[in-house]
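# Architecture at a glance
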Amino acid sequence: MPDPVGKLPSELDQLPDRDAEETAEWAASLDAVTEHAGPHRAAYLMRRTLQHAERNGVPVPALLETDYVNTIPTAAEPAFDGDEAMETRIAGWNRWNAAAMVTRGSRLGVGGHIATFASAAWLYETGFNHFFRGKESQESPGSGDQLYIQGHASPGIYARAFLDGRLTEEHLDNFRQEAGGKGLPSYPHPRRLPWLWEFPTVSMGLGPLSAIYQARFNRYLTNRGIKDTSASHVWAFLGDGEMDEPESTAALALAAREGLDNLTFVINCNLQRLDGPVRANFKIVQELESQFRGAGWNVVKSLWGSAWDELFALDTTGALVRRLREVPDAQFQTYATRDVAYIREHFFGAEPALAELAKLLSDAKIDECFHSSRGGHEARKVYAAYRAALAHKGAPTVVLAQTVKGYTLGTGFESRNANHQMKKLSGDQFRTMRDLLELPIPDSKLNDELVPYGHPGADSPEVRYLQERRAELGGPAPARRVHAVALPEPSEKAFQSVYKGSGKQSVATTMAFVRLVKDLMRDKETGRRWVPIVPDEARTFGMEALFPSAGIYSPRGQTYDPVDRDQIMYYKEAKDGQILNEGITEAGSMADFIAAATSYATHGETMIPFYIFYSMFGWQRTGDQMWQLADQLGKGFIVGATAGRTTLTGEGLQHADGHSHLLAATNPASLNYDPAFAYEIAVIVKDGLRRMYGPDAEDVFYYLTVYNEPMPQPAMPEGVEEGIVKGLYRFKEGVPAKADSPRLQLLASGTAIHWVLAAQELLAAEWGVTADVWSATSWGELRRDALEADEALLRGEERTPYVTQALDGAPGPVLAVSDWMRQVPDQISQWVEQDYSSLGTDGFGLSDTREAARRHFGVDAHSITVAALAQLARRGEVPASAVKEARERYGL
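Notes on the structure in this doc start here. (Residues numbered from 1 in each chain as written. Predicted model: local features only at pLDDT ≥ 70, side-chain atom pairs only at ≥ 80, totals over all residues. Heavy atoms only, no water.)

## Comments concerning the overall build of the protein
A count of helical and extended segments in the protein gives 34 helices and 20 strands. Taking the principal axes of its C-alpha atoms as reference, the protein extends roughly 110 × 80 × 50 Å. Across the 892 residues that make up the protein, the buried fraction comes to 57%. Once local pairs closer than 6 in sequence are excluded, the contacts in the protein between residues at least 24 apart make up 77%. A total of about 36500 Å² of accessible surface is found on the protein, and carbon and sulfur atoms cover 51% of it. Side-chain charges in the protein split into 90 positive and 118 negative, and the spacing between the mean points of these groups amounts to 2 Å. (Helix = DSSP H or I, 4+ residues; strand = E, 2+ residues; numbered from the N terminus. Buried < 20%, exposed > 50% of the residue type's maximum accessible area, 1.4 Å probe, protein only. Contact = heavy atoms within 4.5 Å. Areas by Shrake-Rupley, 256 points an atom, 1.4 Å probe, with all protein chains shown as cover. Lys, Arg positive; Asp, Glu negative; His and termini not counted. Charge placed at Lys NZ, Arg CZ, Asp CG, Glu CD.)

## Focus on the packing of helix α3 (residues 84–106) against helix α19 (residues 461–473)
Each pair of packed helices gets described by two things: the angle between the helix axes and the distance between those axes. For the pair α3 and α19, the least separation of the axes is 10 Å and the interaxial angle reads 100°. It follows from the interaxial angle that α3 and α19 lie roughly perpendicular. Between α3, through Met86, Glu87, Arg89, Ile90 and Trp93, and α19, the contact on the second element is made entirely by Pro461, Glu462, Tyr465 and Leu466. Residues belonging to the contact of α3 with α19 are distributed by class as follows: 6 nonpolar, no polar and 3 charged. (Axes fitted to C-alpha atoms, helices over the stretch in contact; angles between N-to-C directions. Parallel < 35°, antiparallel > 145°, perpendicular 65-115°, else oblique. Nonpolar A, V, L, I, M, F, W, Y, C, P; charged D, E, K, R; others polar.)

## Quick word on the environment of glutamine 632
Along the polypeptide, glutamine 632 turns up in the loop between α25 (619–631) and β12 (637–641). You can call glutamine 632 buried: its relative accessible area is 2%. For the pair glutamine 632 and proline 185, spaced 447 residues apart in sequence, the C-alpha separation works out to 14 Å.

## Focus: the sheet that holds strand β20 (residues 836–839)
One open sheet holds the 5 strands; their spatial order is β16-β18-β17-β19-β20, and the pairing between them is mixed. At either end of the open sheet lies a strand with only one pairing partner, and these are β16 (729–732) and β20. On average, each strand axis in the sheet is tilted by 30° relative to the strand beside it, whichever way the strands run. Taken together, the 3 bridges between β16 and strand β18 (residues 770–775) define a ladder with antiparallel strand orientation. Across the sheet, the residue bridging to tyrosine 729 is serine 775, located in β18. Its contacts with the sheet place helix α29 (residues 752–767) against β16, β17 (743–748), β18 and β19 (814–817), and it is angled at close to 170° to β18. (Pairing = 2+ DSSP bridges.)

## Comments concerning a negative patch on the surface
On the surface, a cluster of negative charge is made up of Asp17, Asp19, Glu21, Glu22 and Glu25. With respect to the helices and strands, the residue glutamate 25 is situated in helix α1 (residues 20–37). (Patch = residues over 30% accessible without salt bridge, like charges linked within 9 Å, V, L, I, M, F, W, Y side chains within 5 Å. Salt bridge = Lys/Arg side-chain N within 4 Å of Asp/Glu carboxyl O.)

## A look at the pairing of strand β2 (residues 234–239)
Burial within β2 is extensive, with 6 of its 6 residues counted as buried. Here β2 shows two buried faces, one formed by Val234, Ala236 and Leu238 and the other by Trp235, Phe237 and Gly239. Inspection of the sheet shows strand β1 (residues 146–148) paired to β2 by 3 bridges, in the parallel sense. From the neighbouring strand, tyrosine 148 faces β2, where its bridge partner is alanine 236. Where β2 and strand β3 (residues 263–269) come together, 6 bridges link them in parallel fashion. The residue bridging glycine 239 from the neighbouring strand is asparagine 268, located in β3.

## Observations concerning helix α7 (residues 206–223)
Across its 18 residues, α7 extends 25 Å between first and last C-alpha, which sits within 8% of the 26 Å expected from 1.5 Å per residue. In terms of burial, α7 is a largely internal element, 15 of the 18 residues being buried. Glycine 225 sits one or two positions beyond α7 and adopts a positive phi of about 75°. (Expected span 1.5 Å × (residues − 1).)

## Some details on the packing of helix α4 (residues 115–130) against helix α17 (residues 379–391)
Packing of α4 against α17 brings their axes to within 9 Å, and their N-to-C directions diverge by 60°. One finds that α4 runs oblique with respect to α17. Judged by the sense of rotation from one axis to the other, the crossing of α4 with α17 is right-handed. Each of Trp122, Leu123, Thr126, Gly127 and His130 in α4 lies in contact with α17, whose residues at this interface are Ala379, Val382, Tyr383, Tyr386 and Arg387. When the residues that make up the contact of α4 with α17 are grouped by side-chain class, the tally is 6 nonpolar, 3 polar and 1 charged. (Left-handed = near helix turned anticlockwise from the far one by under 90°.)

## Some points on the pattern of salt bridges
Across all of its chains, the model carries 55 salt bridges by this definition. For arginine 743, the salt bridge goes to glutamate 733, with nearest N and O atoms at 3.6 Å. Here glutamate 733 lies in the loop between β16 and β17 and arginine 743 lies in strand β17, a separation of 10 residues in the sequence. The network of salt bridges with common partners includes Asp428, Arg431, Arg434, Asp435 and Asp443.

In structure tokens, the structure reads:
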């Protein structure tokens, strides 16, 4: 039926209408309601009808936005399972101690944040008392729930741990003072406080992204039969301003698509970001509701406290709800700071129906509603929202809880734009806060220079209640537990096959790594613990051979007949699939890796993830997550495939990677290797398994760069394992044509070893120069060892860096070459006693053949030969004319 108004065509016009007369009657009914009761009544009836249809299984699209009211009416709230008065006292002590800790620390200039926790206190308190399972819970032993705590709320978590007896006053007084080893980190940092924090979150955006992939990885563990994590729930506490980060919403569709009802986002909507309103001229809650509903999430809004019930009951015309929807956030923030007269004029004075409603309200009621009564500030409202989240099946839930930033901290803090930067309360403000919270702290204690911490006593009713609640839920939270169980060493068979080399067959090191891992995944003891992760380009890396044997993880299995089913390496998805093939999302793949890399602590199940990515789209694109991985003490193998600046023929500037090893060098937990040969990869992987998963496991991860340039892979020489692991060994010694032949040392990493070997031959055959070729498997490990040696010398210990020892007595100058910027090999220059110079691929990448690109950057065999002759000429060991002659001969 055409649009009755006749203005716009409809997509429904192309579908047959089996009863056009009935359709017209429905439209006419709506027109009549609009004419006689107004458009707002018509809209209400339409929404009621859609809601009724949805609840009865009628397939109609759901609304993306609802009124600016609570999802759960007060009359529908479940019974509160606890002592609300007791929990109010506990929350009061936590609020006080969080503010006291930051204020006491501010005298030392270390800073801290007060306002965030003040707004979110009940969001946490309700969870700790009723919902968050600990590691010893019967339903989820060893795992519990996973809590992603909003970073700026950390003082409140410390305050609760203090009340619980997990922290002392000394700990609190060392907030943000970690150098002495007794401090509390500013934010959730597992590496700094590994018994408490599980997940680093304050690099905003990474918390929500990681929470989604953690919930997904929990399902992965269950579906693969590694561990039943079905009772574990992931809770991510976020700020409304944080949702602007692209990572915060990057994986919402994944969570809905895979039905992750083991995940709840709790967004503290205090309407403020760090410097002002989140959406000054709009409404962030409504925007987030639409965004999450559109992505397929269940949305629970907890906006108003119980004081608003009277107002909504009096709103017979709908004017109040309309006004709440139209007032922008910045204006509502202003209402929270202004007197009742201002609110009566500017809010209720907007239309006659509201003005009449306001006449029925006392000043005290208006003051309570607009200044303090928010859904996020009432235990019963939060409790109802959390119960609804856990009850909802088939999709993740987001709780949008409205609060006042700086709540209970006084008028100088509440809803102020600057409150994120306000680090302390005055004595008068503490007195006001004490009175509001009804804490038994005498005035005499507030006259001191330092405001005191408050504690009702280790055997007080409050502490007993808190501890009993936590015991019932499975122990303290948050908490990180590590049950160190070394993995058995895999069979030598997989490594031995690589040590033998490839004979005449040309094999790229990318392919060599994948083949090695494929064999390791067959190991009876540890094979199932490997977690291959790739962002879409598995076939580029030769990983399609894993598809039929390991399978690609999908919670739905394979519901279709793959187009390549008749091929050997067909695309196979399975509910118990081992491969996480993420699509085009390096951020998502990295979040996968972090979840798998820390499963040994999160779930007591050690997994061995390897994440293989394309060229520079690892450290450059997701370097922040690499740091998060280090903070979270993750283990595993990160593999930069198709590495180097000149190996990607035709790809160009935004693909050719010549700098990732520099970025990786900044991460203290990353052990970085640039192997040249397949056997080096095998040695490094074997050593990595020992260091990360052996009896003396270390909290490190490995970064390997591998290349897509097929080359013959030699067999492993004898006695090189130590040098491979430490970063340098002599691969091929030069044979002097004469006893007095000029000599030098050529160091190379990765694919550059082949250019250097060709230069070695040119130097000998055409210039009478002898060169020894060294494989520098890790410039970074050589530097790390040298720095440690320098530190030892300052302590009075005699120690020589390995690189100095290895090159000790090696004749002639040293020329280092790589497919990376010169800063990469230059990392070791100060510890090389010989004359040192380097060649590299500085500048932007470009599209061309490998040969042309290497000539352009001056790293091909001819360029290396000329550079070597120039070094020797400067020392007077070859005539200067030889350098000019070589340039002309090679066309440089």
